[in-house]
2 protein chains.
Amino acid sequence: MSHKSDIEIAREAKKKPIQEIGDKLGIPSDHLLPYGHDKAKVSQEYIDSVQKNETGKLILVTAINPTPAGEGKTTTTVGLGDGLNRIGKKAMICIREASLGPNFGMKGGAAGGGYAQVVPMEDMNLHFTGDFHAITSAHSLLSAMLDNHIYWGNEQAIDTRRVTWRRVVDMNDRSLRQITSSLGGVSNGFAREDGFDITVASEVMAILCLASNLKDLEKRLGAMIVAYRRDRSPVYCRDIKAEGAMTVLLKDAMQPNLVQTLENNPAFVHGGPFANIAHGCNSVIATTTALKISDYVVTEAGFGADLGAEKFMNIKCRKAGLSPSAVVLVATVRAMKMNGGVAKADLGEENVDAVKKGCPNLGRHIENVKSFGVPVVVAINHFVHDTEAEVQAVKDYVKEHGAEAVLSRHWAEGSKGSEDLAKKVVEVVDAGNANFGPLYPDDMPLFEKIETIAKRIYRADEVLADKKIRDQLKLWEEQGYGNLPVCMAKTQYSFTTDPNLRGAPTGHSVPVREVRLSAGAGFVVVVCGEIMTMPGLPSKPAAENIRLNDAGEIEGLF
Amino acid sequence: MSHKSDIEIAREAKKKPIQEIGDKLGIPSDHLLPYGHDKAKVSQEYIDSVQKNETGKLILVTAINPTPAGEGKTTTTVGLGDGLNRIGKKAMICIREASLGPNFGMKGGAAGGGYAQVVPMEDMNLHFTGDFHAITSAHSLLSAMLDNHIYWGNEQAIDTRRVTWRRVVDMNDRSLRQITSSLGGVSNGFAREDGFDITVASEVMAILCLASNLKDLEKRLGAMIVAYRRDRSPVYCRDIKAEGAMTVLLKDAMQPNLVQTLENNPAFVHGGPFANIAHGCNSVIATTTALKISDYVVTEAGFGADLGAEKFMNIKCRKAGLSPSAVVLVATVRAMKMNGGVAKADLGEENVDAVKKGCPNLGRHIENVKSFGVPVVVAINHFVHDTEAEVQAVKDYVKEHGAEAVLSRHWAEGSKGSEDLAKKVVEVVDAGNANFGPLYPDDMPLFEKIETIAKRIYRADEVLADKKIRDQLKLWEEQGYGNLPVCMAKTQYSFTTDPNLRGAPTGHSVPVREVRLSAGAGFVVVVCGEIMTMPGLPSKPAAENIRLNDAGEIEGLF
């Protein structure tokens, strides 16, 4: 067991040159575009060249509803990837990139934790390979071209009250949430209301993560709706002629980033869309490429399984033609206890009853995931104070609910601790029992899609939406957007829209506040609660203590 | 002579792996942080390790006042660097990075032109190694922390009407020049007037280019004035506690970027501050490092010699302890003709009289540069239609004015064409006659510094400034800023503040509209005309035609 912090462990990592990591996957070094000695992008030529390879097996790591106790979804993703390599499998992991801005509010995060991490940790919390900066640039270019179009005569007859394209910056800056722009007279344009979101909330991010290649990227960018005319007809990005230059700005950002785990196993870290107003998964290009160059690919989805796995299945897998072979559902004894009513301060004490009381949250996620036709393995991510009786209670519960739970100690022990989990996952995957299908067909009306998710995943009785929202959905159906999947934006802390309702509630209703069309990304966002797309900084931002020390090391970021 | 475009020539370049270029300079490959195969940053450890080396000779390339005919200052810098290598000297060049935003308005530029270019050209017009994105991030962090400070109680008692720290984005976006921020109620802050500049106009950029190391960078960032209180006392960046985190964001951006010329000679391309509200030179760290690892370093300064060379001498050299051994003043027959009154359309016809009539502009620059104690070589950057008689007229004029002019054909012929220029420069440098001294002492009052430049460089009769401006300068002197150099912001097209007055005018006056204190960068900006810090896009932006073609090549950017 380790007493070291994540950053201490990460700094002690014996990283191999990234060319050696690529070599494990058979990627020649001239097809690796290095960023320093420990990061590289994989060339498009190489990606093209492996398309005829056999496709590996895809494993999704998801979790119960998150609690303040922490579930360790990324940690388990990394631990499982290392475990698979340990038992001799050619495996890699695919996870998301971190957003820069939030690191200056709260402390930045590791990719994983303990002895199950991806490195270089510092870079991944800072500029990394510049992907998010490229997204900010591409987004900002369209913003500038849009207002420039209005300035020079507004040929497209954009209604400046109905510009839906907000600006972005990769920083937590609440003062930019709502602004008035183009002030200062004739030479600065036509004053209008405007605002900034954080970069990860950009539709460009969602598109980058769903596009299959640069051509597809350009087409999707062009299809984004940026404004409406007085007659409510949409103005597209392609009407502003921005999609070509945006694609040029994004051409390197589209290539997956290769890094390594602490155990020198390969990992793609690529893309990071919001998990509420977007689908919350790493890029399709990273996942599909990984599947062509390794036999097992472990990936993860944002938030708990009710949001993350649902979107992974209904949006990412459906649209990218992916078919997961197994789902690993991460649970912890601590989170079960919190779902069972224990306060965070009391988590250190054994409480088997509370564990049992919290298990129905896990049970419902197991049922939900199975409804996609994919077998489930529960990974109990081991924490120091977990007792044997508590762990056994989870195992027993899971067994009663038609799955198997495996205790995994990757956080403390690395792949040695996740060997059992890896073996179980391989057994389930290789049994070949998965029969994946999304939850609803493409041609189901949009409102029914929302109802299907609300009833079958959230177990709500009803969806509440006023006439305006229903009419909007019908209008989009008439305009040809009816076959899109829906992307639910609700709290991650509960199956319901009330973040305080833990466990497995029933009988609730899902109120829809707003619907938004992400026509380029290809989904309809259904907003069911307060969704913050531009965070603020706290009263004592972490940034105040971030600095380089005399040894040149970063302090305060972690 | 070539009929190929710059981009065609650049794409045909036989680039060597950047490790081989580093090897020429003796940089071990583990001290090169690669960005792809053709770009690398030099590690701080390596920079530290060469400090005890002998210092090479510094050569500044500057020019006459720019005309629409084009002078080819960067082209000559690159050509001279290649020429020096050709004649067996260990030489490298140091130039500025390009700003991203403007490429989407007008076409992007080569670094150099013809057969005297630095590559990779595409990257240098796009994200390059991410330096400018890092500057945007660091600047934006301070913006967010400043408004966050106000939001949470404004302990520093910032007067929100007197926030001088504007925001930045690396995009030509006129609609952000003037905004109202923090709208939308209590949770978004206190509404105030605000605005965005383009990233290159950020004081962070000027600081990055003047700082000697990361410690110095952090100190200078902390010293920036971001606002004033009601009592007019300044609020510094360090009062907001942002300088540590900003330094962390800038730690890689501080390292010089190594690339190569078409002839595989080494070049640092690093930093790119505005040449009006800042000093317009590449970074001090690039120049000083280059001087430790090569015998001759060729660098350039922005605009014509009246602005660029003056600031190079009085700001960069003074503050960094640099001492140039020679100045190469670039002139073209075409520009002489334009200074002599010929319209751009008529430049193709021989007109020796017009050349002679335009020469006094060149003559005055020669005199000015010599007044810094540095010998001058005039480089006549050869254009296709230049006749022998025209070239001879320039040569004769220069000879009469105490210097020597050398015809150089690097644009058409590469180093073969610049051999003569290189030999002449080596002769002048090795003669050791330079005796550099800045134009005014540190302890001269600020207004007298302005007068000194106006009278001795611009040859004006007087400086006009109202009492408010003179009082402001006195206040800064009382606050301890009197020993700073001044940074003149005026039109680059004339010695005067009227861009239409070509040649060598006298008898004019220099009106000072405004003065600004860049306390972190360490100069007082003297604004003598309309200075645009956020450009707009034209009615048909270049971006509309920028795209990736089917071969994956970028079209429309060049």
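Residues numbered from 1 in each chain as written. Chains lettered and ligands numbered in written order. Predicted model: local features only at pLDDT ≥ 70, side-chain atom pairs only at ≥ 80, totals over all residues. Heavy atoms only, no water.

1. A short note on the packing of helix α17 (residues 446-456) of chain B against helix α18 (residues 467-481) of chain B
Residue and element names in this part refer to chain B. Where α17 contacts α18, the axes come no closer than 8 Å and their chain directions differ by 120°. Taken together, α17 and α18 sit at an angle that is classed as oblique. In contact with L446, F447 and I450 of α17, α18 contributes R470, L473, W476, E477 and Y481. Taken together, the residues of the contact of α17 with α18 sort by class into six nonpolar, no polar and two charged. (Axes fitted to C-alpha atoms, helices over the stretch in contact; angles between N-to-C directions. Helix = DSSP H or I, 4+ residues; strand = E, 2+ residues; numbered from the N terminus. Parallel < 35°, antiparallel > 145°, perpendicular 65-115°, else oblique. Contact = heavy atoms within 4.5 Å. Nonpolar A, V, L, I, M, F, W, Y, C, P; charged D, E, K, R; others polar.)

2. A few points about the domain arrangement of chain A
Residues and elements named next belong to chain A. Here chain A is described as being made up of domain 1 (6-129 + 253-428), domain 2 (132-246) and domain 3 (446-528). Just the C-alpha atoms count here: the centres of domain 2 and domain 3 sit 25 Å apart. Domain 2 puts 11 residues into the contact, and the matching count from domain 3 is 10 residues. Here domain 2 packs against domain 3, burying approximately 670 Å² in sum over the two surfaces, 53% of which is carbon and sulfur. Summed over the shared surface of domain 2 and domain 3, the result is zero salt bridges. Joining domain 2 to domain 3, the criterion identifies six residue pairs in polar contact (both at pLDDT 80 or more). The set of elements that each furnish at least two residues to the side of domain 2 that touches domain 3 consists of α7 (203-210), β12 (225-229) and β13 (234-236). The dominant element in the side of domain 2 that touches domain 3, judged by the number of residues it contributes, is α7, at four residues. Its residues placed into classes, the side of domain 2 that touches domain 3 shows nine nonpolar, no polar and two charged. (Domains from an automatic or database assignment. Buried area = accessible area lost by both parts, 1.4 Å probe. Salt bridge = Lys/Arg side-chain N within 4 Å of Asp/Glu carboxyl O. Polar contact = N/O pair within 3.5 Å; in protein donor to acceptor, adjacent residues only side chain to side chain.)

3. Some points on the relation of the copies chain B and chain A
If you rotate chain B by 180° and push it 0.0 Å along the axis, it lands on chain A with an RMSD of 0.0 Å. Look at the turn and shift together and you get a two-fold axis relating the two. Looking at chain B, 100% of its interface residues are interface residues in chain A too, so the copies touch through the same face. (Least-squares fit on C-alpha atoms with pLDDT ≥ 70 in both.)

4. Quick word on helix α7 (residues 203-210) of chain B
All names here are of chain B. Counting buried positions along α7 gives eight out of eight residues, so the element sits mostly inside the fold. Of all the residues in α7, the buried ones are E203, V204, M205, A206, I207, L208, C209 and L210. In this structure S202 caps α7, since a side-chain oxygen of it lies 2.9 Å from the backbone nitrogen of V204. (Buried < 20%, exposed > 50% of the residue type's maximum accessible area, 1.4 Å probe, protein only.)

5. Re the environment of L33 of chain A
Structurally, L33 of chain A is set in strand β1 (residues 32-34). When the C-alpha atoms of L33 of chain A and L258 of chain A are compared, they prove to be 9.6 Å apart, with 225 residues separating the residues in sequence. Beyond its immediate sequence surroundings of up to four residues, L33 of chain A is in contact with K39, A40 and K41 of chain A together with G36 and H37 of chain B.

6. Let's talk about the pairing of strand β17 (residues 326-331) of chain A
Residue and element names in this part refer to chain A. Counted residue by residue, β17 has six buried out of six residues, so it is predominantly covered. A two-sided burial pattern is seen for β17, the buried positions comprising A326, V328 and V330 on one face and V327, L329 and A331 on the other. Bridge count between strand β3 (residues 57-63) and β17: five bridges; the pairing is parallel. Within β17, the position partnered with A63 by the bridge is V330. Here β17 pairs with strand β18 (residues 376-381) via five bridges, running parallel. Considered in β18, the bridge of A331 is made with I380. (Pairing = 2+ DSSP bridges.)

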